[in-house]
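An overview of the molecular structure
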Amino acid sequence: MSVTDVRSATGERLDELAAGPAPRAALVGYLPVGFPTVPGSARAVRTMVDAGVDVVELGIPYTDPVMDGPVIQAAANRALAQGTRVADTLRVAEQVAGAGAPVLVMTYWNIVLRYGVDAFARDLAAAGGAGLITPDLIPDEGAEWLAASDAHGLDRVFLVAPSSTPERLASTVAASRGFVYAASTMGVTGERTTVGDRAEQLVAATRAAGAARVCVGLGVSRPEQAAEVAGYADGVIVGSALVRALLEAPDEASGLTALEGVVRGLADGVRGAVRAPR
Amino acid sequence: MREVLAGGGPLARHEGPYFGDFGGRFVPEALIAALDELETYYRKALADPSFADELERLHRTYTGRPSPITEVPRFARHVGDGVRVFLKREDLNHTGSHKINNVLGQALLVRRMGKRRVIAETGAGQHGVATATAAALLDLECTIYMGEEDTRRQALNVARMELLGATVVPVTVGARTLKDAINEALRDWVANVETTHYLLGTVTGPHPFPEMVRDFHKVIGEEARAQVLEETGHLPEAVVACVGGGSNAMGIFNAFLDDPQVRLFGFEAGGEGISSGRHSARFSGGAPGVLHGARSYLLQDEDGQTLPSHSVSAGLDYPSVGPEHAWLHDTGRAQYRPVTDDEAMEAFRLLCRTEGIIPAIESAHALAGAIQLGREAQGWGQDGRPPVLLVNLSGRGDKDVATAAAWFGLLEPEPVVKADEGEQL
């Protein structure tokens, strides 16, 4: 099977939004599984989708999340301390797969390696998952995953960074399916006051390298930032701001209310964006 | 076996990114450009005689190389009848350990790359002290990440780093040890990679670190090989080293990798014993996996989450190991065995009492390993000559005096034990 034979659930959603009566970028929302609890994280994902998230990014809590800032680390640590297992992610993916948004799983690579690359792909596909975002796996090291994702029809979202050379942009774009994740800044996840010009330049360079769809993550937390990024990217990825809403709430119910409010603001930002011509 | 391992070339000059199934670059894309840049500068430096000259001059005039080898006959009696033991004295280097070899090499590369800031992780503090020293010498800004638990265990080394002008950042997440310090250093590097070099302290991490750090440490084995030949007229029967990340072991093993008659032994921290689950023995209690940019043996649970490691020695308290060691393990070229905290501390005491040398607790694991090998080693002598064990004494124990004093009950007066009526003490 070649790459072009594999349908991309995430790509289709992004294309649908871009071609609709009011063309717009997608809002991609990240939440870790097992936080505040395993069933609570499934409820949080549904809340997030109902409030306007178009694509779900479900994080597997990991002991050594080197691309994550303090907010997501804190949530992941709590999830792990409560005994969250990798199998819980597959269960939550299955529970939320029908909620109305493609479900990508974000995972550090050792988790998949330990499970077995093909077995993980098989079980994720069976659970209705759309694919993987792999922050510490570059395509150069990903031969097993490229084969498994083709075999099981899954998206593979690799990252590009402001430091990526044109050659690396081209090879990463060629290996990706669904979209390419542009890290807006050199740094880890977390809220920032500005997203910066480098994100827009990186999106342009990634498109020039052949990418059909580029979503921007790292540092986006406020509606006006979401609107700005939605003006030039195919998707706006938000994590820490959503996790913070749950982290700072005294209980799950108020956490879900806070989450809904943050997502609505971001969704309005995405819908209100002035889109640059493609 | 050698041809299979190295594709026909000498094992000692094997190049990354892969060592058999191990190694690679499992890092965020944001770091790839910096790793490529580092590799380019490193290869250019290797081809430039002025780089080797400058490093050699620093080794000779600043570090104090060559470090001597010392025969330790009174200690050797505890290893076994007729076994000769030589120590490679990396403890006599400036800053007190082998770590300075690698740090000076990388610091010279940093200058060539035009970067102004270095960051590093440290467990026992030896690599942090060495990095802070090189930063002072070459006028670089320096930040050291250290697990909060380790800043407590190694308070003296924290003070040394600060005296040398470094900023020490205690890491308060996770187990607060070396693994967590590396995570924080990687986060800093991702954010500041354009101006900052991550001066990684051991033979792990993404390519080119395992190969490059090995090359900066191979001077240990090259010197020791010549020194043992001069002292004894033949190669040692075995080379023995402790293995945390594995830099001192790889440094001394390298010169002997292509001498199949020389047995290579790495001793890991067995902590409270493998069955206790409280140890840092990756080969005895781990499985292949990915951590901190490389595929190697790793302490992990069935989900792939990193398990906490334990050792009385902060420098060996690390859940993974350099990928070249994983390769040597799987191919059988080197053997890796665990040494418990108790065994290491007993060897520590023994070297102090028999030879007047206070070793680092890390190095005491190698000494305890030599004692473990004692009976086997007695059969290794050829042509009637006594077998020779070469042990890498990777560091000195100044930093460990408080830990050892507490271990041996020297800090508090012994509690007064009163006899019950009629009992004789």
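Thresholds applied
- Along every chain, residues carry numbers that run from 1 in the direction the sequence is written.
- To read the labels, note that chains go from A and ligands from 1, taken in the order they are written.
- Residue-level local features of this predicted model are given only where pLDDT is at least 70; pairs of side-chain atoms are given and counted only at 80 or more, and the full residue set underlies all totals for whole chains, interfaces and linings.
- Side-chain descriptors were evaluated using all non-hydrogen atoms of the structure, hydrogens and water having been removed beforehand.
- UniProt positions are given in the numbering used here, feature names are shortened, and annotations may be inferred rather than shown by experiment.
- Working definition: with a 1.4 Å probe on protein chains only, accessible area under 20% of the residue-type maximum means buried, over 50% means exposed, and in between means partly exposed.
- The helix and strand labels rest on DSSP assignments: H or I over at least four residues marks a helix, E over at least two residues marks a strand, and numbering proceeds from the N terminus.
- A pair of strands is labelled paired if DSSP reports no fewer than 2 bridges between them.
- Handedness of a crossover is defined as follows: orient the strands so they point away from the viewer, and if the path from the first strand over the helix to the second runs clockwise, the crossover is right-handed.
- We call two residues contacting when some pair of their heavy atoms lies within 4.5 Å.
- When two components associate, each loses some accessible surface as probed by a 1.4 Å sphere; the sum of these losses over both components is called the buried area.
- Salt bridges are defined by distance alone: a side-chain nitrogen of Lys or Arg within 4 Å of a carboxyl oxygen of Asp or Glu.
- Polar contacts, as counted here, are pairs of nitrogen or oxygen atoms within 3.5 Å of one another; within protein the pair requires one atom able to donate a hydrogen and one able to accept it, and residues that are adjacent in sequence qualify only if both atoms are side-chain atoms.
- Note: the arc covers the axis-to-C-beta directions of the helix.
- Between N-to-C directions, angles cover 0 to 180 degrees, with each direction set by a line fitted to C-alpha atoms, over the stretch in contact for helices.
- Definitions for this section: a left-handed crossing has its near helix turned counterclockwise from the far helix by less than a right angle. A right-handed crossing has that turn clockwise.
- Think of it as three bins: nonpolar holds Ala, Val, Leu, Ile, Met, Phe, Trp, Tyr, Cys and Pro, charged holds Asp, Glu, Lys and Arg, and polar takes everything else, Gly as well.

An unreviewed UniProt entry lists chain A under the name Tryptophan synthase alpha chain, from Cellulomonas flavigena. The UniProt entry for chain A carries the following comment under Catalytic activity (unreviewed entry): "(1S,2R)-1-C-(indol-3-yl)glycerol 3-phosphate + L-serine = D-glyceraldehyde 3-phosphate + L-tryptophan + H2O".

What follows covers the pairing of strand 9 (residues 238-242) of chain B. All names here are of chain B. The buried count for strand 9 comes to five of five residues, which makes it a mostly enclosed element. Neither face of strand 9 is left uncovered, since the one carrying Ala238, Val240 and Cys242 and the one carrying Val239 and Ala241 both have all their residues buried. Bridge analysis of strand 9 against strand 10 (residues 263-271) gives five bridges, and the strand direction is parallel. Of the residues in strand 10, the one forming a bridge with alanine 241 is glycine 266. With respect to chirality, the unit in which strand 9 leads through helix 12 (residues 247-253) into the neighbouring parallel strand 10 is right-handed. Relative to strand 14 (residues 388-393), strand 9 is paired through three bridges, and the arrangement is parallel. Considered in strand 14, the bridge of valine 240 is made with valine 391.

So, on to the pairing of strand 11 (residues 287-291) of chain B. With four of five residues buried, strand 11 of chain B is to be regarded as a mostly interior element. As consecutive antiparallel partners, strand 11 of chain B and strand 12 (residues 293-298) of chain B are separated by one residue, and within that stretch histidine 292 of chain B has a phi angle of approximately 55°, a positive value.

What follows deals with the interface of chain B and chain A. Every contact between the two is made by 34 residues of chain B and, on the other side, 34 residues of chain A. Here chain B meets chain A over a buried area of about 2,900 Å², counting both sides, of which 48% is carbon and sulfur. Summed over the three residues of chain B that lose the most area to chain A, namely Glu29, Arg187 and Asp303 of chain B, the buried surface amounts to 25% of that side. Linking chain B to chain A there are five salt bridges. Where glutamate 302 of chain B meets arginine 85 of chain A, a salt bridge forms, and the shortest distance between an N and an O atom there is 3.1 Å. Counting across the interface, chain B meets chain A through 22 residue pairs in polar contact (both at pLDDT 80 or more). Breaking the side of chain B that touches chain A down by element, the ones donating at least two residues are strand 2 (22-26), helix 2 (32-46), helix 9 (178-192), strand 11 and strand 12 of chain B.

The subject of this paragraph is the pattern of salt bridges. Residue and element names in this part refer to chain B. Under the definition given, this model contains 50 salt bridges over all chains. The partner of aspartate 48 in a salt bridge is arginine 112, with the nearest N and O atoms 3.1 Å apart. In this pair, aspartate 48 sits in the loop between helix 2 and helix 3 (49-63) while arginine 112 sits in helix 5 (residues 99-113), placing the two residues 64 residues apart along the sequence. Aspartate 48 sits in the partly exposed class, given a relative accessible area of 25%.

Below, the discussion takes up helix 8 (residues 155-163) of chain B. Residues and elements named next belong to chain B. When we look at burial in helix 8, the residues that qualify are Asn157, Val158 and Met161. Taken around the axis of helix 8, the buried residues stretch over an arc of 105°, which confines them to a single face. Elements in contact with the buried residues of helix 8: strand 5 (117-122), helix 6 (126-138), strand 6 (141-147), helix 7 (148-153) and strand 7 (167-171). After helix 8 finishes, the residue glycine 165 shows a positive phi value of roughly 100°.

The subject of this paragraph is the sheet that holds strand 5 of chain B. Remark on secondary structure: sheet strands pair via backbone hydrogen bonds, oriented parallel or antiparallel. Residue and element names in this part refer to chain B. A sheet is described by the order of its strands in space; here four strands give the open sequence 7-6-5-8, paired in parallel fashion. Strands with a single pairing partner mark the edges of an open sheet, and in this sheet they are strand 7 and strand 8 (196-198). Strand-to-strand twist across the sheet, computed as the mean angle between neighbouring axes with direction ignored, equals 25°. In terms of strand pairing, strand 5 meets strand 6 through six bridges, oriented parallel. Looking across to strand 6, one finds that glutamate 121 is bridged to tyrosine 145.

The next subject is the packing of helix 5 of chain B against helix 10 (residues 209-217) of chain B. Residues and elements named next belong to chain B. Interhelical geometry of helix 5 versus helix 10 gives an angle of 115° and a closest axis separation of 8 Å. Seen from above, helix 5 lies across helix 10 with right-handed handedness. Counting all contacts with helix 5, which are made through Lys99, Asn101, Asn102, Gly105, Gln106 and Leu109, the residues of helix 10 involved are Phe209, Met212, Val213, Phe216 and His217. Looking at the contact of helix 5 with helix 10 residue by residue, the classes come out as five nonpolar, five polar and one charged.

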